[in-house]
Amino acid sequence: MKKTSKPFDPDDFFTTTKVKDIAVKFEHLYKINFKETSLNKELIKLNYEIISKEYKDFMASSLADYYEFEVDEIV
């Protein structure tokens, strides 16, 4: 029996994490008004940071408005 192998693809190991993916772990974030508080500063306290270039502090009050921004875990 011959085993078929496919070429190594580094993109197979790349995953994108967004705010919406981690928000469920931190329910207290839903109670914060992000027009007055920096979401990124709150996430840094939780070992995450927003890496999307489009992100700006105080853009919107609701956490849901930031769902599509990419985050990275701080190790």
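Each remark here, short or long, concerns the structure printed above.
Now for a description of the structure that goes with this document. (Residues numbered from 1 in each chain as written. Predicted model: local features only at pLDDT ≥ 70, side-chain atom pairs only at ≥ 80, totals over all residues. Heavy atoms only, no water.)

### Here's the deal with the overall build of the chain
Logical step 1: Helix and strand counts for the chain stand at two helices and three strands.
Logical step 2: Starting at the N terminus and walking to the C terminus, you meet the elements of the chain as β-α-α-β-β.
Logical step 3: What you see for the chain is a C-alpha radius of gyration of 17 Å, clearly larger than the 11 Å of a compact globule of 75 residues, by over 25%.
Logical step 4: Within the chain, buried positions represent 28% of all 75 residues.
Logical step 5: As displayed, the chain has an accessible area near 6000 Å², and 52% of this comes from carbon and sulfur atoms. (Helix = DSSP H or I, 4+ residues; strand = E, 2+ residues; numbered from the N terminus. Rg over C-alpha atoms; globule rule 2.2 N^0.38 Å. Buried < 20%, exposed > 50% of the residue type's maximum accessible area, 1.4 Å probe, protein only. Areas by Shrake-Rupley, 256 points an atom, 1.4 Å probe, with all protein chains shown as cover.)

### Quick word on the sheet that holds strand β1 (residues 17-18)
In sheet architecture, strand pairing relies on hydrogen bonds along the backbone and comes in two forms, parallel and antiparallel.
Logical step 1: Pairing is antiparallel in the open sheet, where three strands are placed in the order β1-β3-β2. Edge positions in the open sheet fall to β1 and β2 (48-50), since each of these has one partner strand only.
Logical step 2: As paired elements, β1 and strand β3 (residues 70-73) share two bridges and run antiparallel to each other. If you follow T17 over to β3, its bridge partner there is V71. (Pairing = 2+ DSSP bridges.)

### Topic: the packing of aromatic side chains
Logical step 1: Overall, the coordinates contain five aromatic pairs when judged by the stated rule.
Logical step 2: Ring centres of F26 and Y48 lie 6.1 Å apart, and the angle between their planes is 70 degrees; on these two criteria the pair is classed as edge-to-face. In this pair, F26 sits in the loop between α1 (19-23) and α2 (39-45) while Y48 sits in strand β2, placing the two residues 22 residues apart along the sequence. With respect to burial, F26 and Y48 carry one shared label: buried.
Logical step 3: Measuring from centroid to centroid gives 5.8 Å for Y55 and F69, while their planes differ by 85 degrees, and the two rings are edge-to-face. You can see Y55 sitting in the loop between β2 and β3 and its partner F69 sitting in the loop between β2 and β3, a full 14 residues away along the chain. The residues Y55 and F69 share a single accessibility class, namely buried. (Phe/Tyr/Trp six-rings, centres within 6.5 Å; stacked < 30°, edge-to-face > 60°.)

### Some thoughts on the environment of D9
Logical step 1: Note that D9 resides in the segment before β1.
Logical step 2: D9 sits 29 residues away from S38 along the chain, and the two C-alpha atoms are 37 Å apart.

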